[in-house]
Number of protein chains: 2
Amino acid sequence: MIDQRHTITRWVSLLYRYGQMYIGERLKAHGIGKGQHIFLNALYKEDGLSQEELSSYLKIDKGTTAKALKKLEAQGYVLRQVRAEDKRSYRVFLTEKAWRIKDEVRGVLTDWRHILSDGLTEEEQRLALELLEKMGANAARFIEENDKTPKA
Amino acid sequence: MIDQRHTITRWVSLLYRYGQMYIGERLKAHGIGKGQHIFLNALYKEDGLSQEELSSYLKIDKGTTAKALKKLEAQGYVLRQVRAEDKRSYRVFLTEKAWRIKDEVRGVLTDWRHILSDGLTEEEQRLALELLEKMGANAARFIEENDKTPKA
DNA sequence: TTAAAATAGTTGCACATGCCACTAATTACA
DNA sequence: TGTAATTAGTGGCATGTGCAACTATTTTAA
């Protein structure tokens, strides 16, 4: 019925939304929402980051970051320690409870990647990541340049 | 500081969120939100579809579709006509006001694609679309199969 | 050294999105 | 034919997300 030509933007939208559904479904049982897993995964890689560092690494708004961490803290997955050297900021640490489910949380992303990669060769998977990375870097550069408020 | 290895999922998230920001910013002046442009674009391709058809084509929840169309109708961009043959459903038509901004609305997506494609060869762009399409189809198949409520 | 600018984090608001329960109409079938 | 099942659309709820205004602290510079 409709012309089936899809665009990059359209597929990105589908992949994002469906990925969120999958992740949300898989983590629901732990009381972790689809907006929080990304922070857990970042902290598994490097524990003790500040919210600012998480925000800028993940390129997620600091308000969103604050809310996600608040939930993770309420669920007992992270705790926040005011830094002595700079009392404005925290260090965010994973709790034992968070470390205990590390493999499971990381497994959700791994599994989703496997679902997406079905039928793709190793080479295609590598290429997909490389091209997404290039486009992502372009997007980030553009958006970040354009919200620098013109000084004048 | 943090290991810079990003995954497909991470880049998809960034591309989606930044794309939404870009689109929202560009269409704000027309009173069109970032959640509505996708429906306009689908209708530019084929006018007069039902909400059901739009939902299933775009793979967007029918509740979300209903709300987006309600906004577009309130802004005078679409109107809905009950079908005589099936009084449960509408045909959604673009108004003259919507047709007038067609090039501009479509241009937003084109421009965003150009931003993303900066530094990519034609061949890479083709590949990117092809790989996204394959992964998108995998995602859709998985999600759609898994929410078929087991009959038993 | 003090006043101004920058920075980390919080909160409220608006909006997008999916899910679910619901209504009204249509279709299937006993 | 009449009842059950299915379908199109709506509305409420929960959550994620970005933005903007705000506070508290730290840094810069006059």
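Structural data are supplied above this passage.
Rules and cut-offs
Along every chain, residues carry numbers that run from 1 in the direction the sequence is written. Labels follow written order: the first chain is A, the first ligand is 1, and so on. Thresholds applied to this predicted model are a pLDDT of at least 70 for local features of residues and 80 or more for the giving and counting of side-chain atom pairs; totals over whole chains, interfaces and linings are not thresholded and use all residues. Heavy atoms from the whole structure form the basis of all side-chain values; hydrogens and water molecules are not counted. Residues below a pLDDT of 70 in either copy are left out; the C-alpha atoms of the rest, at least 70 in both, set the least-squares superposition of the copies. Contacts: residue pairs with any heavy atoms within 4.5 Å of one another. We count a salt bridge whenever a side-chain nitrogen from Lys or Arg sits within 4 Å of a carboxyl oxygen from Asp or Glu. The secondary structure listing takes helices from DSSP runs of H or I that are at least 4 residues long and strands from runs of E that are at least 2 residues long, numbered from the N terminus. Each residue is assigned to one of three classes by its accessible area relative to the maximum for its type, calculated with a 1.4 Å probe on protein chains only: buried under 20%, partly exposed between the two thresholds, exposed over 50%. Here a residue is considered near a molecule or strand provided that any single heavy atom belonging to it is located within 4 Å of it. By the criterion applied in these results, polar contacts are pairs of N or O atoms within 3.5 Å in which, for protein atoms, one can donate a hydrogen and the other can accept it, and in which residues neighboring in sequence qualify only through two side-chain atoms. Residue polarity is assigned by list, with Asp, Glu, Lys and Arg as charged and Ala, Val, Leu, Ile, Met, Phe, Trp, Tyr, Cys and Pro as nonpolar; anything else, Gly included, falls into the polar class. For every element, the axis is a line fit to its C-alpha atoms; helices are fit only across the contacting stretch, and the angle between N-to-C directions ranges from 0 to 180 degrees. An angle below 35 degrees is treated as roughly parallel, one above 145 as roughly antiparallel, one from 65 to 115 as roughly perpendicular, and anything else as oblique. The crossing is said to be left-handed when, going from far helix to near helix, the turn is anticlockwise and less than a right angle, and right-handed when the turn is clockwise.

As for the relation of the copies chain A and chain B
No. 1: Rotating chain A by 180° and moving it 0.0 Å along the rotation axis overlays it on chain B with an RMSD of 0.0 Å. Interpreted geometrically, this transformation is the action of a two-fold axis.
No. 2: Of the residues that chain A buries at the interface, 100% are likewise interface residues in chain B, meaning the two copies contact each other through the same surface.

Re the pattern of salt bridges
No. 1: This structure, assessed with the given rule, holds 23 salt bridges over all chains.
No. 2: A salt bridge links Arg100(A) to Glu96(A); the nearest nitrogen and oxygen atoms lie 2.8 Å apart. Separated by four residues within a single helix, Arg100(A) and Glu96(A) lie in helix H5 (residues 96–100), roughly one turn from each other.
No. 3: Here Arg100(A) falls in the exposed class, since its relative accessible area comes to 61%.
No. 4: Look at Glu96(A) and you get exposed, because its relative accessible area is 53%.
No. 5: Salt bridges linked by common partners bring Glu123(A), Arg126(A), Glu130(A), Lys134(A) and Glu124(B) together as one network.

Structural notes on the protein's contact with DNA strand D
No. 1: Taken together, 28 residues lie around DNA strand D, and Lys71(A), Arg17(B), Glu52(B), Lys67(B) and Arg88(B) are the ones closest in.
No. 2: The contact atoms of DNA strand D, taken as those within 4 Å of the protein, divide so that sugar and phosphate hold 66%.
No. 3: In the model, a phosphate oxygen of DNA strand D is placed 2.7 Å from a nitrogen or oxygen of the Tyr16(A) side chain.
No. 4: Contact between DNA strand D and Tyr90(B): a phosphate oxygen at 2.9 Å from a main-chain N or O atom of the residue.

What to know about the interface of chain A and chain B
As a measure of interface size, the accessible area lost when the parts come together is often cited.
No. 1: With 56 residues of chain A at the interface, the matching set in chain B holds 56 residues.
No. 2: For the pair chain A and chain B, the interface holds 13 residue pairs in polar contact (both at pLDDT 80 or more).
No. 3: Within the residue set of the side of chain A that touches chain B, elements represented by two or more residues are helix H1 (8–27), helix H2 (37–45), helix H3 (51–58), helix H6 (102–117) and helix H7 (122–146) of chain A.
No. 4: Considering each element in turn, the side of chain A that touches chain B owes the most residues, 19 residues, to H7(A).
No. 5: Broken down by class, the residue content of the side of chain A that touches chain B amounts to 32 nonpolar, eight polar and 16 charged.

Some details on the protein's contact with DNA strand C
No. 1: In the neighbourhood of DNA strand C, 29 residues make up the surrounding shell, with Arg17(A), Glu52(A), Lys67(A), Arg88(A) and Lys71(B) lying closest.
No. 2: Backbone sugar and phosphate groups make up 65% of those atoms of DNA strand C lying within 4 Å of the protein.
No. 3: At 3.0 Å from a phosphate oxygen of DNA strand C is found a side-chain nitrogen or oxygen belonging to Lys70(A).
No. 4: Contact between DNA strand C and Gln20(B): a phosphate oxygen at 3.5 Å from a side-chain N or O atom of the residue.

Quick notes on the packing of H7(A) against helix H7 (residues 122–146) of chain B
Working note: a packed helix pair is described by the angle between its axes plus the distance between those axes.
No. 1: One way to put it is that H7(A) packs onto H7(B) with a least axis distance of 10 Å and a crossing angle of 115°. Taken together, the axes of H7(A) and H7(B) are roughly perpendicular relative to one another. Once H7(A) is placed against H7(B), the crossing between them reads as left-handed. In contact with Glu124(A), Leu127(A), Ala128(A), Glu130(A), Leu131(A), Leu132(A), Lys134(A) and Met135(A) of H7(A), H7(B) contributes Glu124(B), Leu127(B), Ala128(B), Glu130(B), Leu131(B), Leu132(B), Lys134(B) and Met135(B).
No. 2: When grouped by side-chain class, the residues that make up the contact of H7(A) with H7(B) number 10 nonpolar, no polar and six charged.

Side note on the environment of Leu127(A)
No. 1: Turning to its location among the elements, Leu127(A) is positioned in helix H7.
No. 2: Along the chain, Leu127(A) and Lys71(A) lie 56 residues apart, while their C-alpha atoms are 36 Å from each other.
No. 3: Ignoring sequence-local partners within four residues, the contact set of Leu127(A) consists of Leu127(B) and Leu131(B).

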